[in-house]
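As a plain string of letters, each chain reads:
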Amino acid sequence: MTPRTPLGLADVETALAGLAVAAPPTLAGATLASVGLADEYATVPTPVGAVYVAWNGLGISTVGRADDDATFERRFARSIGRPVRRAAALPDSLARAVARRLEGDRRARLPLDLRGRTEFERAVWLKALEIPRGEVRPYGWIAAEIGRPNAVRAVGTALAHNPVPLVVPCHRVVRSDGLIGNYSLGGPTVKRVMLAAEGLDPDELESLARAGIRYLASDTTRVYCLPSCHNARRITARHRVAFRSGRASEAAGYRACRDCRPDSAARAA
Amino acid sequence: MDDALPSALATDLDGAFERLVLDHQDRLYSIALRVLGDPRDAEEVTQDCLVRAYRALASYDPDRIRSLEVRPWLATIVVNLCRNRGRRRKLAVVRLDAPSARDTIPVAGRIAAHDPTGSPHASALRRETARDWAALLATLPQRLRIPVVLRHVDGLSYAEMANALGRPEGTLKAQVHRGLALLRDAAESASLLDREVMSA
């Protein structure tokens, strides 16, 4: 048997120094994403086709349509400016919340990353979140509901800049004259498709609007509603009364529906 | 590089934080991996450490960030997270300073036994691969393992370790010395096992 030199403490120190390793390559990206300094993105199926969704540790930051990943990344860089990388899919909890929101469940808790946006914009978007699936509200309704009845145009601008369409349903906000109007996520056609997918008939809605009808009421309940309100849709033809203005409804002895609050739309400038 | 980092973090946390991550992720991951022994746990703990560091920095005023010693500060966070995780998941670690230690360190011996060449010491040194040493390290009691890892895997000074662990330098030196001696003895007995296998 060969005689052996005992190990010295210096040998142990050398061996331990060799135990330093490199961190896994995904660690830095995941860390920056979880504190909101970088984002990840994936696509999600919707009634208007696959839509790009970006998120970070603070919540969903962007929803948008794009022809391909490169286009989406370029737009993200221009509008948000943070590094962004492709992920296979949304994290389970976010994916479930997005799906529930798209199905119309407004209680689904969905964190949003709206850093860098104004208080006014946030107020507009949060108000839009209150509109039920399959119903629409005019811009003026949002303006009055957030206490800025004269800011109808600014509401339109804020909705046009909504970074998270579909998730914040700005497609449920229509022109104050009742026409469907434009939509940030691909124009009026996409907006009509979205509304139709939610069970609303955009053509019927616009034909009422063209006839100057803003409100529908029931002569049994003596309540008047916005035309797409779930309460208005229950009124049978025999009992339905149409009004051109809130004032006319009130003058005829009708009161505003507590669900759709048509008086908010009437109040706006 | 560490000198410029605190003032960069103090003036623009969001702009400078990526540099903190890139500068420190390898050492923090190495500490976590060698203290915990499991790569998945180590990855989670490292990410958690960096996220906590970001949140803490976001709440500090600029003067406090400028005077921060980033290396020991991050070491404190990662070590505390490792300790919490160790507490949650009671590992069946056999202590080297327990009476039966000699019978309980077969990993290094088993790996070493595959190579029948060379003089026992030289080949032992050569064969004591990183995996063997990591396995031996995992059997050290945590009170010794953490100072040994901070001093000799991460390369912190005793002053930095005293700052990070809140123990006097003298105590830490003694703990590191004791840890190294236990590791040496364990490695020796692994070689002994190896020799017995070869002569059998």
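In this text, all values refer to a predicted model and were calculated from it rather than measured experimentally. The numbers attached to residues start from 1 for each chain and follow its sequence in the written order. The order in which chains are written sets their letters, starting at A; the order in which ligands are written sets their numbers, starting at 1. Whole-chain, interface and lining totals are the exception, using all residues; otherwise, since this is a predicted model, local features are given only for residues with pLDDT of at least 70 and side-chain atom pairs are given and counted only at 80 or more. The side-chain quantities take in all heavy atoms of the structure and omit both hydrogens and water.

The next point concerns the domain arrangement of chain A. Residues and elements named next belong to chain A. Residue ranges assigned to each domain were obtained from an automatic or database domain assignment. Segmentation of chain A into domains returns domain 1 (30-102) and domain 2 (119-267). Facing the 12 residues of domain 1 at the interface are 12 residues of domain 2. What counts as buried area is the accessible surface, traced by a 1.4 Å probe, that two parts surrender upon association, with contributions from both included. The contact between domain 1 and domain 2 buries some 1100 Å² in all, and 72% of this surface belongs to carbon and sulfur atoms. Looking only at domain 1, the three residues that lose the most surface to domain 2 are Val63, Arg101 and Leu102, adding up to 46% of its buried area. We define a polar contact as two N or O atoms separated by no more than 3.5 Å, with the added condition that, inside protein, one atom must be a possible hydrogen donor and the other a possible acceptor, whereas residues neighbouring each other in sequence contribute only through side-chain atom pairs. Across the contact surface, domain 1 and domain 2 share three residue pairs in polar contact (both at pLDDT 80 or more). Helix and strand definitions follow DSSP, with helices as H or I runs of at least four residues and strands as E runs of at least two, each counted in order from the N terminus. When contributions to the side of domain 1 that touches domain 2 are tallied by element, the ones reaching two or more residues are strand 3 (59-64) and helix 4 (92-102). Ranked by the residues each element gives to the side of domain 1 that touches domain 2, the list is headed by strand 3, at five residues. Classification convention: Asp, Glu, Lys, Arg as charged; Ala, Val, Leu, Ile, Met, Phe, Trp, Tyr, Cys, Pro as nonpolar; all other residues, Gly among them, as polar. Residue composition of the side of domain 1 that touches domain 2, grouped by class: six nonpolar, four polar and two charged. Residues are treated as being in contact if the distance between any of their heavy atoms lies within 4.5 Å.

Turning our eyes to something else, we now look at the pattern of salt bridges. One speaks of a salt bridge when a side-chain nitrogen belonging to Lys or Arg is within 4 Å of a carboxyl oxygen belonging to Asp or Glu. Scanning all chains against the criterion turns up 25 salt bridges over all chains. Of the charged contacts in the structure, one is a salt bridge between B:Asp48 and B:Arg52, with a shortest N-O distance of 3.0 Å. With B:Asp48 and B:Arg52 both in helix 3 (residues 39-59), this residue pair falls four residues apart, about one helical turn. What makes B:Asp48 partly exposed here is its relative accessible area of 30%. Exposure categories follow from relative accessible area, calculated using a 1.4 Å probe and restricted to protein chains: below 20% of the type maximum is buried, above 50% is exposed, and the middle band is partly exposed. Under the relative-accessibility criterion, B:Arg52 is labelled partly exposed at 45%. Where B:Glu160 meets B:Arg71, a salt bridge forms, and the shortest distance between an N and an O atom there is 3.8 Å. With B:Glu160 in helix 10 (residues 158-165) and B:Arg71 in helix 5 (residues 70-88), this residue pair connects regions lying 89 residues apart in the sequence. You can call B:Glu160 buried: its relative accessible area is 18%. B:Arg71 gets classed as partly exposed once you look at its relative accessible area, which sits at 21%. When salt bridges with common partners are traced through the structure, they connect A:Asp39, A:Arg82, A:Asp113 and A:Arg115 into a single cluster.

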